[in-house]
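Here is how the chains run, residue by residue.
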Amino acid sequence: MSQQVPMPTGVARRRRRLSDEETEQRMLEAALAMVNEAGLTVGLDHISFEDVIRDAGVARSAVYRRWPYKDLFFSDLLKELAKGSSPVIGTGNQDALEAVKQTILDHLDWLKDPEQRRALAAEVLRKGALNEFETFYNSAEWRTYLALHTTFLSLPDGALRTEVQNTLAESERALNTRVAEAYERVTGLIGLRPRTGITFETLATLANATMRGLVVMAPANPRIATERVHADPFGAPEPADWSQPGLGLAAVVLTYLEPDPAPWDDARIAELRSLLESESWF
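Here the residue numbering is sequential within each chain, running from 1 through the sequence in written order. Totals for whole chains, interfaces and linings use all residues, but because this is a predicted model, local features are given only for residues with pLDDT of at least 70 and pairs of side-chain atoms are given and counted only at 80 or more. Derived side-chain values reflect all non-hydrogen atoms in the structure, with water molecules and hydrogen atoms excluded from consideration.

1. What to know about the pattern of salt bridges
Counted only if it meets this: Here, a salt bridge means any side-chain nitrogen of Lys or Arg that lies within 4 Å of a carboxyl oxygen of Asp or Glu. Strands are runs of DSSP state E lasting at least 2 residues, helices are runs of H or I lasting at least 4, and numbering of each runs from the N terminus. Partly exposed residues are those whose accessible area sits between 20% and 50% of the maximum for their type, while under 20% is buried and over 50% is exposed, using a 1.4 Å probe and protein chains only.
Under the criterion given, the structure shown has 21 salt bridges. Salt-bridge contacts for R117 lead to D260; the nearest nitrogen and oxygen are separated by 3.6 Å. Remark: D260 occurs in the loop between β4 (257-259) and α12 (266-276) and R117 occurs in helix α6 (residues 114-137); sequence separation between them is 143 residues. Each member of the pair, R117 as well as D260, is classed as buried.

2. Some remarks on the packing of aromatic side chains
Formally: For Phe, Tyr and Trp, where Trp contributes only its six-membered ring, two rings pair if their centres lie within 6.5 Å, and the inter-plane angle classes them as stacked under 30 degrees, edge-to-face over 60, or tilted in between. Charge-over-ring placement is defined geometrically: NZ (Lys) or CZ (Arg) within 6 Å of the ring centre, and within 35 degrees of the ring normal.
Tallied over the full model, the rule gives nine aromatic pairs. A ring pair is formed by F49 and F73, whose centres lie 5.3 Å apart and whose planes are at 45°; its orientation type is tilted. Placement of F49 in helix α2 (residues 49-56) and of F73 in helix α4 (residues 70-82) is noted, with a sequence separation of 24 residues between them. In this structure F73 comes out as buried when scored by relative accessible area, which is 0%. These aromatic residues form a ring-pair network of at least three members: F49, Y64, W67, F73 and F74. One cation-aromatic arrangement involves R268 over W264; the distance from NZ or CZ to the ring centre is 3.8 Å.

3. Brief notes about the nonpolar core
For clarity, the cut-off: Only buried residues count toward a nonpolar core, which is a set of Ala, Val, Leu, Ile, Met, Phe, Trp, Tyr and Cys residues joined through side-chain atoms within 4.5 Å. We call two residues in contact whenever any of their non-hydrogen atoms come within 4.5 Å of each other.
Counting residues in each nonpolar core, the largest one holds 78 residues, and the members touching the most others are M27, F73, L77, I104 and Y183. When residues no more than four places from it in sequence are discounted, the contact partners of F73 are M27, L28, A31, F49, V52 and W67.

4. Looking at α4
Put simply, the rule is: One fewer than the residue count of a helix, multiplied by 1.5 Å, yields its expected span.
Here α4 contains 13 residues, and its C-alpha end-to-end distance of 19 Å stays within 8% of the 18 Å for a straight helix at 1.5 Å per residue. The buried fraction of α4 is high, at ten of 13 residues. Within the sequence span of α4, burial applies to F73, F74, S75, D76, L77, L78, K79, E80, L81 and A82.

5. Comments concerning α2
Applied cut-off: Each direction from the helix axis to a C-beta atom contributes to the arc, which is the arc of those directions. Pairs of N or O atoms are called polar contacts if they sit within 3.5 Å, as long as, within protein, a hydrogen donor faces a hydrogen acceptor (for residues adjacent in sequence, only side-chain-to-side-chain pairs).
If you check which residues of α2 are buried, you get F49, V52, I53 and A56. Taken down its axis, α2 places every buried residue within 100° of arc, on the same side. The backbone nitrogen of E50 lies 3.4 Å from a side-chain oxygen of the residue at the head of α2, namely S48. Downstream of α2 by a residue or two, G57 has a phi angle that is positive, lying close to 65°.

6. Quick notes on the side chain of E123
On the secondary structure map, E123 appears in helix α6. Using a relative accessible area of 9% as the deciding quantity, one classes E123 as buried. Residues contacting E123, with those up to four places away along its chain left out, are T103, H107 and W110.

7. Topic: the side chain of T187
With respect to the helices and strands, T187 occurs in helix α8 (residues 159-189). The contacts of T187, once residues within four sequence positions are left out, are L192, F200 and L257.

This is a description of form; function is not addressed.
In structure tokens form, the structure reads like this:
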């Protein structure tokens, strides 16, 4: 005859005590979720410290041991927001990379003409820019991150504002580096290079600024997202439908790119096709 196992009582029923590091992580994650849902205003008064504790599912005693005053927590929250650590605030994803690869494969015949190489770069941007715009526009994390770039100036002059500013600057450097590396890789594949004196970092900075400006303007001007222009502004064999984000991004990037002098023949095109069809092309 089987015996029933007694249910744990007292101390045995208590949940595992979280470490200080786990408490800190849960609190910041819960607060980030609240900020991203409600939006970032000039301050964080709309975020309740007690609600953060509740949503984080942590012990109040552990929280107040880590942050004796709630202002200390909100200072750490601002610094966490400034890191821009959400995956959405990165650059590119596997679907985007696949789209770039397929666009190049579909237009390999353009590579023999130097000017059509620039048109191929424009085609990559035409197809990718609208998707990038919509990702940023629909991302609460992006809206919060962009808002912090202006709202942090409302902080009192002092150590916190300086630290938030420095963290934002570091996040921007890291983001621009990733974009610059992507541009360098793709343009190198299709035989383009920056004009003399221009770096890929400069290209990345200007491209990011263009996209952000359009994202910021779009709520008041919905045509930015919806308008299409049937045109051939960059020398492609045929016109195509262009969005405003596509036109803006391509205009900025192509201004500073030129064909490299190395010729393209069938052998070089076949080599590129083989590379793109491999699993490690990027």
